[in-house]
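What follows is the residue order along each chain.
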Amino acid sequence: MMRAFRWLLPHPFLTLLLAAVWTLLQNDISAGMVVFGVLLGIFIPIATAQWWPDRPGGIRPFRMLSYCLLVMWDIIVANIEVAWIVLTKSNASMRPAWVVIPLDLRQPEAITVLAGTITLTPGTVSADLSDEGHSLLVHALDVPDPDAVRDEIKHRYERRLKEIFT
């Protein structure tokens, strides 16, 4: 039974995400669109399962939800901070910095989420991942203390992602 379930839904969260995105993109929530979205959500992961040999296991969805809420809050706050910087600081007084973030994360999916989180947050961008995947290069717009940025990313995001991707 479990084997049949794994075959039908190799990536259950991806199935739900694809179905929801399809329905939202259609701008028409009807039974037909939802059913078609679910069918796409089932078919696409099955068709692409061979390219996902090391699928992530043990993702904690409730912790992921709280992480998403935290990131959305941080994006709102960072938008205000960047707007303030743009409106009040001259280019000469800004202190941009490159910050190397040593990573404790090893799962590619978790590293991708971290890099995406950093890039989504205004004022920072993930620029490079080391060849071994042990550090991430981040550019920050205005930083008085690069070590504080590193510590905040590790504590605020990486620590939570380690809890999510067990």
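To keep things clear, this report deals only with the structure shown in the data block. Everything quoted here is computed from the prediction, not taken from an experiment. (Residues numbered from 1 in each chain as written. Predicted model: local features only at pLDDT ≥ 70, side-chain atom pairs only at ≥ 80, totals over all residues. Heavy atoms only, no water.)

Observations concerning the pattern of salt bridges
The line we're drawing: Any carboxyl oxygen of Asp or Glu within 4 Å of a side-chain nitrogen of Lys or Arg constitutes a salt bridge here. For helices the rule is a DSSP run of H or I covering at least 4 residues; for strands it is a run of E covering at least 2, with both sets numbered from the N terminus onward. A simple rule labels every residue: compare its accessible area, found with a 1.4 Å probe on the protein chains alone, to the largest value its type can have, and call it buried under 20%, exposed over 50%, or partly exposed in between.
What the rule picks out here adds up to 10 salt bridges. A salt bridge links Asp 147 to Arg 150; its shortest N-O distance comes to 3.2 Å. Note that Asp 147 and Arg 150 are positioned in helix H6 (residues 146-164) at a spacing of three residues, about one turn of the helix. Take Asp 147: its relative accessible area is 41%, and that puts it in the partly exposed class. Take Arg 150: its relative accessible area is 24%, and that puts it in the partly exposed class. Ionic pairing is found between Lys 154 and Glu 158, a salt bridge with its closest N-O pair at 2.4 Å. With a gap of four residues between them, Lys 154 and Glu 158 both fall in helix H6, about one helical turn apart. By sharing partners, the salt bridges in this structure join Asp 104, Lys 154, Glu 158 and Lys 162 into a single network.

Overview of helix H2 (residues 12-26)
Under the convention used in this document: To estimate how far a helix should extend, the number of its residues minus one is multiplied by 1.5 Å. Each C-beta atom gives one direction from the helix axis, and the arc is the one those directions make. We call two residues contacting when some pair of their heavy atoms lies within 4.5 Å.
For H2, with 15 residues, the first-to-last C-alpha span of 21 Å sits near the 21 Å given by 1.5 Å per residue. If you check which residues of H2 are buried, you get Thr 15, Ala 19 and Thr 23. The buried residues of H2 all sit within an arc of 60 degrees when viewed along its axis, so they share a single face. For H2, the exposed residues lying more than 90 degrees away from the buried face are Leu 17, Leu 24 and Leu 25. Of the surrounding elements, those touching the buried residues of H2 are helix H3 (31-48).

A word on the pairing of strand E3 (residues 135-140)
Note the following rule: When DSSP finds at least two bridges between two strands, those strands are taken to pair.
A one-sided burial pattern is seen for E3, the buried positions being Leu 136, Val 138 and Ala 140 and the unburied ones Ser 135, Leu 137 and His 139. Alignment of strand E1 (residues 97-102) against E3, held across six bridges, turns out to be antiparallel. Each residue of the ladder has a partner; that of Pro 102, found in E3, is Ser 135. Pairing between strand E2 (residues 124-129) and E3: five bridges, direction antiparallel. Counterpart to Thr 124 in the pairing with E3 is Ala 140. Counting the residues between successive antiparallel strands, the hairpin from E2 to E3 contains five residues, one of them, Gly 133, with a positive phi of roughly 80 degrees.

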